[in-house]
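# Descriptive structure summary
One letter stands for each residue in the lines below.
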Amino acid sequence: MAHTYDHQTVEAKWQAYWVQSGTFHVQEDPDKPKYYCLEMFPYPSGRIHMGHVRVYAIGDVVARYKTMRGYNVLHPMGWDAFGLPAENAAIEKGVHPNVWTQENVAYMKRQLQRMGLSYDWDREVNTSQPEYYRWNQWIFVKMVERGLAYRKRSAVNWCLSCETVLANEQVLAQEGKDGGVCWRCESVVIQKELEQWFFRITSYAQELLDGCDRLTTWPARVLAMQRHWIGRSEGVELDFPLAETLAGLKAIRVFTTRPDTIHGATFMSLAPESPLVEQLIAGRPEAAGVREFVTRVSRLDKATRTAADRDKEGVFTGAYAINPFTKERIPIWVANFVLYEYGTGAIMAVPAHDQRDFEFAKTYHIPVRLVIQDREGKLASETLEAAYEEQDGAGLLVNSGNFSSLSVSQAKQAIGEYVETQGWGKRTINFRLRDWGISRQRYWGTPIPMLYCDRCGIVPVPEGDLPVVLPDDVPFTGKGGSPLKESPSFSQATCPTCGGPARRETDTMDTFVDSSWYFLRYCSPKNTTQAVNPQAAHHWMAVDQYVGGIEHAVLHLLYARFFTKVLRDLGLTTADEPFTHLLTQGMVTKETYWCEEHRWLLPTEIKKDGGQRVCVHCGRTIVTGRTEKMSKSKKNIASPEDLCERYGADTARMFSLFAAPPEKDLEWSDSGVEGCYRFLNRVWRLVQELLPVVNGADTKPGSGESVLLPQLQRATHQTIKKVTEDLERGFQFNTAIAALMEFVNELYKFWKEYPGEVLTVAERAAWRTTVETLLLLLAPFAPHVTEELWETLGKRPGMSRQAWPDFDPVLVASAEWTIPLQVNGKLRSKIVVPAGSTKEQIIAGAQEDPKLAEWLQGKAARKIIYVEQKLVNFVI
RNA sequence: GCCGGAGUGGCGGAAUAGGCAGACGCAAGGGACUUAAAAUCCCUCGGGCUUACAAGCCUGUACCGGUUCGACCCCGGUCUCCGGCACCA
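Residues numbered from 1 in each chain as written. Chains lettered and ligands numbered in written order. Predicted model: local features only at pLDDT ≥ 70, side-chain atom pairs only at ≥ 80, totals over all residues. Heavy atoms only, no water.

Further remarks concern the overall build of chain A. A tally of helices and strands in chain A yields 26 helices and 37 strands. Its C-alpha atoms give chain A principal-axis dimensions of roughly 110 × 85 × 65 Å. Of all 876 residues assigned to chain A, the portion counted as buried reaches 53%. Taking contacts inside chain A between residues at least 6 apart in sequence as the whole, the part at least 24 apart equals 72%. In chain A, which carries 100 positive and 107 negative side-chain charges, the distance between the mean positions of the two groups comes to 1 Å. (Helix = DSSP H or I, 4+ residues; strand = E, 2+ residues; numbered from the N terminus. Buried < 20%, exposed > 50% of the residue type's maximum accessible area, 1.4 Å probe, protein only. Contact = heavy atoms within 4.5 Å. Lys, Arg positive; Asp, Glu negative; His and termini not counted. Charge placed at Lys NZ, Arg CZ, Asp CG, Glu CD.)

Below, the structure is given as structure tokens:
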């Protein structure tokens, strides 16, 4: 018999069978509970990588398992197909983005099918096609109608050479210089004010925050990141009147979370971008210096601007305000660390109790006034070496008039109320979350369906005119801002209101828009009249299990939550949250190799030389680098294609599930892969060896008691229990597979001990059940080889339509218990007792144990602790 | 700095309502089969010690302390690593 099975033939056979029989096609089935299993859809970059293998293997086991458990499972797949790489390919290779994308989709689809994934390909979506993106446009228009999409000027990173907006991540810091450079051409990046479209995600800030409390099964760190990103702070907004009223400006409004420290506010700071600055300095001698400072600061890109370790810098405006509580004149400064977009763009500065204000005050010799004293009472304004940012609730107010001697929390309350009764301001809540700017000066994205008419202003494209389709007559130069501007046929349009000439919006949408609702589109992917069919969405939503990378912890997962709420409010879904359970799988990593001369090396560029690993090119000793995420540049890549070729998809799937728990990083190991391949071959051979027994004619009559029978049954039912529990308890694939390996090891022992010739009819039947169960339990993990073996057992094909086996608790229990015996908590002996023995019987049995008696040395135990079926501990 | 997570053999990792630490796999070593190799099968495998065909003892889950009959698990403190955020008033 061959020692390995022919995975190539077997896998091709069953993949063809699944397609031809429509195994994975799914429709709403009212008779079954629904289960929506979804993995984050890929960007069609060209080839799938091990990260894809891992995430889709995880999702596929979930989907196949739930199907066998009797659920009506929706398991779709599609393509997040808009994005910059397609446009870069167009610039570099002259291939149209659509051609490049579609070719990649076709190739990657074959690769996914080669993995034997149980997708309903009839529901495939592709976000770059008009059938999909027209609904982005429809949703956009609805959001405009509801005030959830709007246009405003905002500062963006702008590359002077490429003439395009850059994301913050695309601005590279440069050593020794203020400001960053473009990642592509290394020219200076400036801040530029542009008109951009925004989604009012801040309208949902509180709901998005509250929702985090209900997503109890999401990973803690994802929730922590989302909460932090939303960043709710409670505080007070109040006016500081100007010492001398200026034309049209009487006061400056600030936001503070620390109203309790207000008596210590010895100056104010404005953001450099604040329009108030110009009003304050007009006509003053300080004006020129302030303007110079503002220009210098605002030239910096955002990342540099907001680096926390930047020195606190500022300039005095020459103007003063009145602290409403102390009535003192306090100077108004402009400071580099004050953000215009947060709060009111102006702060009251309390150097004694805020570290930034403290550093600023020390630099510019501004008075520090202590208004909270710590528990020991030794702090003093003059000797303070750092701000006392009271945390533990021990501090009490001092130098604060009627509020002195209140605790911090009491003072927050009292001063907040006082501000309101005086009419100076109000208690309020601020969020860090900003509205989502979605305009992109790019071609390969959804055209924003808006028109600009000189007479009628900004007008949405009427619903009947959607989609606004991407034009083909666009040159790809990589320069000149929005490529759509270069297409006259596109940018010139007619105003639907007045019939006059109009200019079409030439920016496209952020690709995160596409992925914010695709899970809803899968419910009714072919619908040509609606973005989402509400009935279908009602049936399938929410996604029961979402699987994807942690890198989307904030952006995609937050945007998707936002869109779900928007579409809910548009009446398209009843779901409040899109993803009930979230599994964030770890990265796939691999060891790296470094040669001093030839830099990063492939494993094939290394040879062994006298116990040392050396470079094949120069013979230098190899340095083993960190184990890192697989990347082309580090040359620590393993190829899914090679893997499928050599070992097959089943092995690839098994290894990526077995080598680590799903949420942890997985270190790729070629020998580990071999281990999984060996295991599948062991299963294969076991079934082959057993075939004559389980398929053969019943020749030997039954003969009374069987020793094997209960052992087979117990092993089988214990394994069903373990695998089922591991899958139910948070998808612990690694231990589920370990249990299957143990099971197979055990079955080989039984087979050796009780060879086929001696088996009774009943034992043969038990073997048959055992083997069938093994295949059923293994099927979600290794679907091809199990289908093949299932067929050799004479079964009808289609394991995914088989029911998941149940275990019988009676058969799980063993006939004997092994009870560890402890003396003073240390293991000293073990006894074997019949199952069901009582506490008294077990203790009596233990006391007859000679080894235990030795340890007890004739002493009577002070105390005997018995844990049901677990152990006995004698305390002496 | 703040937030989140994690520290267990040579390696990946098991075991938590507090109850036999190291399942399963890899690597390594030994053996069987073979002319040989591959494949396959069997055995050993945390450290130390005593005895050596058998067996036994001590020790061990980052570190220090605590609670408990009993701690990888709970509590207090320390260290290290990973990830995220980083002037948000």
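Attention shifts here to the side chain of His7. Structurally, His7 can be placed in helix H1 (residues 7–21). A distance of 3.2 Å separates the side chain of His7 from the backbone oxygen of Arg646, its partner in a polar contact. Once residues lying within four places of it in the same chain are set aside, the contact partners of His7 are Cys644, Glu645, Arg646, Tyr647, Gly648 and Tyr677. (Polar contact = N/O pair within 3.5 Å; in protein donor to acceptor, adjacent residues only side chain to side chain.)

It is worth spelling out the pattern of salt bridges at this point. Close approach of charged atoms lets side chains of opposite charge pair. A full pass over the atoms with the stated rule returns 39 salt bridges. A salt bridge links Glu772 to Arg768; the nearest nitrogen and oxygen atoms lie 3.1 Å apart. With Glu772 and Arg768 both in helix H22 (residues 761–778), this residue pair falls four residues apart, about one helical turn. Looking at Glu772, the relative accessible area reads 16%, which means it is buried. Using a relative accessible area of 22% as the deciding quantity, one classes Arg768 as partly exposed. The network of salt bridges with shared partners includes Glu207, Arg561, Lys565, Arg568, Asp569, Asp576 and Glu577. (Salt bridge = Lys/Arg side-chain N within 4 Å of Asp/Glu carboxyl O.)

As summarised here, the arrangement of the four strands in space is S35-S34-S37-S36, forming an open sheet in which the pairing is mixed. One side of each edge strand has no neighbouring strand; the edge strands of this open sheet are strand S35 (826–834) and strand S36 (863–867). The sheet shows a mean angle of 20 degrees between the axes of neighbouring strands, direction not considered. As judged from the eight bridges shared by strand S34 (residues 816–823) and S35, these two strands associate in the antiparallel manner. For Ile819, the partnering residue across the bridge sits in S35 and is Ile831. (Pairing = 2+ DSSP bridges. Axes fitted to C-alpha atoms, helices over the stretch in contact; angles between N-to-C directions.)

Residue placement: Thr773 occurs in helix H22. The class for Thr773 is buried, based on a relative accessible area of 7%. Once you skip the residues sitting within four places of it in the chain, Thr773 turns out to touch Thr716, Ile720 and Pro805.

A few words on the packing of helix H18 (residues 649–658) against helix H21 (residues 733–753). Contact geometry for H18 and H21: axes closest at 7 Å, N-to-C directions at 115 degrees. Along its contact with H18, which presents Met654, Leu657 and Phe658, the element H21 presents Phe733, Asn734, Ile737, Ala738 and Met741. Of the residues that constitute the contact of H18 with H21, the class distribution is seven nonpolar, one polar and no charged. (Nonpolar A, V, L, I, M, F, W, Y, C, P; charged D, E, K, R; others polar.)

Moving on, we get to the nonpolar core. Counting 184 residues, the largest nonpolar core has Trp767 and Phe781 as its most contacted members. It is helix H19 (residues 670–695) that contributes the most residues to this core, 13 residues altogether. When sequence neighbours within four positions are dropped, the list of residues in contact with Trp767 reads Leu690, Val693, Val694, Leu708, Leu712, Leu747, Phe750, Trp751 and Leu759. Counting residues in hydrophobic clusters, the runner-up holds 39 residues, among them Ile252, Ile262, Val315 and Ala321. (Core = buried A, V, L, I, M, F, W, Y, C linked by side-chain atoms within 4.5 Å.)

Around RNA strand B, a shell composed of 60 residues is seen, among which His228, Thr257, Arg356, Lys830 and Asn873 lie nearest. When the atoms of RNA strand B within 4 Å of the protein are sorted by group, sugar and phosphate make up 68%. Separating a phosphate oxygen of RNA strand B from a side-chain N or O atom of Tyr342 is a distance of 2.7 Å. Between a phosphate oxygen of RNA strand B and a side-chain N or O atom of Arg828, the distance comes to 3.1 Å. Top element by residues in the surface near RNA strand B is H21. It accounts for seven residues. Looking at the surface near RNA strand B, its residues break down into 22 nonpolar, 16 polar and 22 charged. (Near = heavy atom within 4 Å.)

In space, the four strands of this open sheet follow the order S22-S21-S24-S23, with antiparallel pairing throughout. The open sheet has two edge strands with one neighbour each: strand S22 (457–460) and strand S23 (492–494). Averaged over neighbouring strand pairs, the angle between their axes works out to 40 degrees when direction is ignored. As judged from the three bridges shared by strand S21 (residues 450–453) and strand S24 (residues 501–504), these two strands associate in the antiparallel manner.

Moving on: the domain arrangement of chain A. Domain boundaries assigned for chain A yield domain 1 (32–137 + 512–585), domain 2 (232–431), domain 3 (448–508), domain 4 (588–637), domain 5 (669–812) and domain 6 (816–875). Taking only C-alpha atoms into account, the centre of domain 4 sits 42 Å from that of domain 5. (Domains from an automatic or database assignment.)

For residues besides glycine, phi is generally negative; the peptide bonds are generally trans as well. Here the bond from Leu466 into Pro467 is cis, since omega is 0 degrees, no more than 30 degrees from zero. Along the chain, Pro467 turns up in the loop between S22 and helix H13 (488–491). In the segment running from Met541 into Ala542, the intervening peptide bond is cis, with an omega of 0 degrees. Among the secondary structure elements, Ala542 is positioned in the loop between helix H15 (534–540) and strand S26 (543–549). In the Ramachandran plot, His365 falls in the positive-phi region, its phi being about 55 degrees despite a non-glycine side chain. Its location among the elements puts His365 in the loop between helix H11 (355–364) and strand S16 (372–373).

Along helix H25 (residues 839–847), the positions that sit buried rather than exposed are Ile842, Ile843 and Ala846. Seen along its axis, H25 keeps its buried residues to an arc of 95 degrees; they face one direction. Of the surrounding secondary structure, the elements contacted by the buried residues of H25 are S34, S35, helix H26 (850–856), S36 and strand S37 (871–875). (Arc of directions from axis to C-beta.)

Bringing the packing of aromatic side chains into the picture now. Counting across every chain of the model gives 48 aromatic pairs. Measuring from centroid to centroid gives 5.8 Å for Phe562 and Phe563, while their planes differ by 80 degrees, and the two rings are edge-to-face. Across the pair, exposure class does not vary: Phe562 and Phe563 are buried alike. Site record: aromatic cluster; members linked through ring pairs are Phe140, Trp197, Phe199, Tyr204, Trp436, Phe512, Tyr559, Phe562 and Phe563. It is Arg329 that lies over the ring of Tyr320; its NZ or CZ is 4.4 Å from the centre. Positioned above the aromatic ring of Phe490, the side-chain terminus of Arg504 is 5.5 Å from the ring centre. (Phe/Tyr/Trp six-rings, centres within 6.5 Å; stacked < 30°, edge-to-face > 60°. Lys NZ or Arg CZ within 6 Å of the ring centre and 35° of its normal.)

Taken N-terminus to C-terminus, the directions of H21 and H22 make an angle of 160 degrees; their axes are 11 Å apart at the nearest point. When the interaxial angle is binned, H21 and H22 end up roughly antiparallel. In the packing of H21 onto H22, the handedness of the crossing is left-handed. Contacts between H21 and H22 pair Leu740, Phe743, Val744, Leu747, Phe750 and Trp751 from the former with Trp767, Thr770, Leu774, Leu777 and Leu778 from the latter. The class makeup of the residues in the contact of H21 with H22 is ten nonpolar, one polar and no charged. (Parallel < 35°, antiparallel > 145°, perpendicular 65-115°, else oblique. Left-handed = near helix turned anticlockwise from the far one by under 90°.)

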